[in-house]
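# Analysis of the macromolecular model
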Amino acid sequence: MTPAITHIWLYLADKPLVWLLLTLAVYAGARRIFVASRGFPLLNPLLVSVAVIAGVLLSTGTSYGTYFHGAKYVAFWLGPATIALAVPLVGQLNVLRTRLLPVTAALVAGSLTAIGSAYTIGWALGLGPEALVSILPKSITTPIAMGVSKEIGGSASLTAVFVVITGVLGAVIGAPILTALGIRDSAARGFALGTAAHGIGTARAFEEHETAGAFSGLAMGLNGVFTALALPFMIWVAGG
Amino acid sequence: MITALVILLTLQLTGTVLSRVTGLPVPGPVIGLVALFILLSVRSTIPANLSQTSQTLVDNLTLFFVPAGVGIVNHLKVLENNGGAIIVTLIASSALTITVTGMTFAGVSRLMNRL
């Protein structure tokens, strides 16, 4: 870089503007690519945005703290957006009433399986304490998962990465597993996808059937809230 | 939009205060989510501006977790050292979760139809 450009860069790199702009611009671009690819799972906008921005930070030698000076203006809206999830959830209240029993049973069984199997398998494979705690909320929607992770002593950013990988995996392997099990009921298929793979599973369920999508969205919301309430309690009981 | 943001931020503030005061291990926004869900389910309609603003926020949910996701740059070592174990754990746990959830939902539905 010429001295003048270096000078401007050093000035800008220290201000929020560049990092806020980078976050918004990369996300907008990643979303376009995802839509253009008709929802190809590996082009998930979060996965692409994080990869591109992390690449920029690493190649320019920028610390995460400096980046967060700008990115915090985006990160703040996670809280209000989590609360806003109540609105689409209430919209499905009538559907929920007709299938209350299967919904409740599948929610409890699925949520505990997600947490318990992640702990058992991760522990058996020798994951360290930080990774093991951070992997427990992997099946729920990111804003809730990150809050829960912090609450139980995990790393929110590590959890965010686990959540996205889980979503992509669930969207890819979910439908073939359900078909192999002979489960044809759209409500059951959608509920399983949403419980295991949150929003990414829900997007996949909507491609399959509208009822599957609605039940998947419901499962995502319910599992998010159920895990947020149950997981810290389980850790507390376990004496963590 | 501003009225809707006042409602959402008030719920977040209430949730955060409740979380702190009671020592409940649940994040403030999750308490806010449950509170809004209860408030809206006892009302017959959802206010249009709240519905619109919420839709915009939920549609762009992915954007709001980009900053936290980028935090991965501080954890590259964990992924380097545990990459294989992490992927195997995520695949096996996801397959189990999908199987148990789908079979429970379908099984209980079948039982109810028989009764």
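Residues numbered from 1 in each chain as written. Chains lettered and ligands numbered in written order. Predicted model: local features only at pLDDT ≥ 70, side-chain atom pairs only at ≥ 80, totals over all residues. Heavy atoms only, no water.

## Digging into the domain arrangement of chain A
Residue and element names in this part refer to chain A. Assigned domains within chain A: domain 1 (3-76) and domain 2 (84-237). Summarising the inter-unit geometry, the C-alpha centres of domain 1 and domain 2 are found 28 Å apart. A combined buried area of about 470 Å² lies between domain 1 and domain 2, and 80% of that area is made up of carbon and sulfur atoms. Counting the surface domain 1 buries against domain 2, the share from its top three residues, Pro 41, Asn 44 and Leu 46, is 64%. (Domains from an automatic or database assignment. Buried area = accessible area lost by both parts, 1.4 Å probe.)

## Here we look at the packing of helix α2 (residues 16-36) of chain A against helix α3 (residues 45-60) of chain A
Residues and elements named next belong to chain A. In the contact formed by α2 and α3, the axes pass within 8 Å of each other and the chain directions differ by 140°. By the angle between their axes, α2 is oblique relative to α3. Between α2 and α3 lies a crossing whose hand is right-handed. Contacts between α2 and α3 pair Trp 19, Leu 22, Thr 23, Val 26, Tyr 27, Ala 30, Arg 31 and Phe 34 from the former with Pro 45, Val 48, Ser 49, Val 52, Ile 53, Val 56, Leu 57 and Thr 60 from the latter. Its residues assigned to classes, the contact of α2 with α3 shows 12 nonpolar, three polar and one charged. (Axes fitted to C-alpha atoms, helices over the stretch in contact; angles between N-to-C directions. Helix = DSSP H or I, 4+ residues; strand = E, 2+ residues; numbered from the N terminus. Parallel < 35°, antiparallel > 145°, perpendicular 65-115°, else oblique. Left-handed = near helix turned anticlockwise from the far one by under 90°. Contact = heavy atoms within 4.5 Å. Nonpolar A, V, L, I, M, F, W, Y, C, P; charged D, E, K, R; others polar.)

## Quick look at the interface of chain A and chain B
Residue-level contacts link 91 residues of chain A with 70 residues of chain B. In terms of surface lost to chain B, no three residues of chain A exceed Tyr 64, Ile 83 and Val 87 of chain A, which account for 10% of the buried area on that side. One can count zero salt bridges joining chain A with chain B. Counting the contacts that link chain A with chain B gives 10 residue pairs in polar contact (both at pLDDT 80 or more). Tallied by class, the residues present in the side of chain A that touches chain B amount to 66 nonpolar, 19 polar and six charged. (Salt bridge = Lys/Arg side-chain N within 4 Å of Asp/Glu carboxyl O. Polar contact = N/O pair within 3.5 Å; in protein donor to acceptor, adjacent residues only side chain to side chain.)

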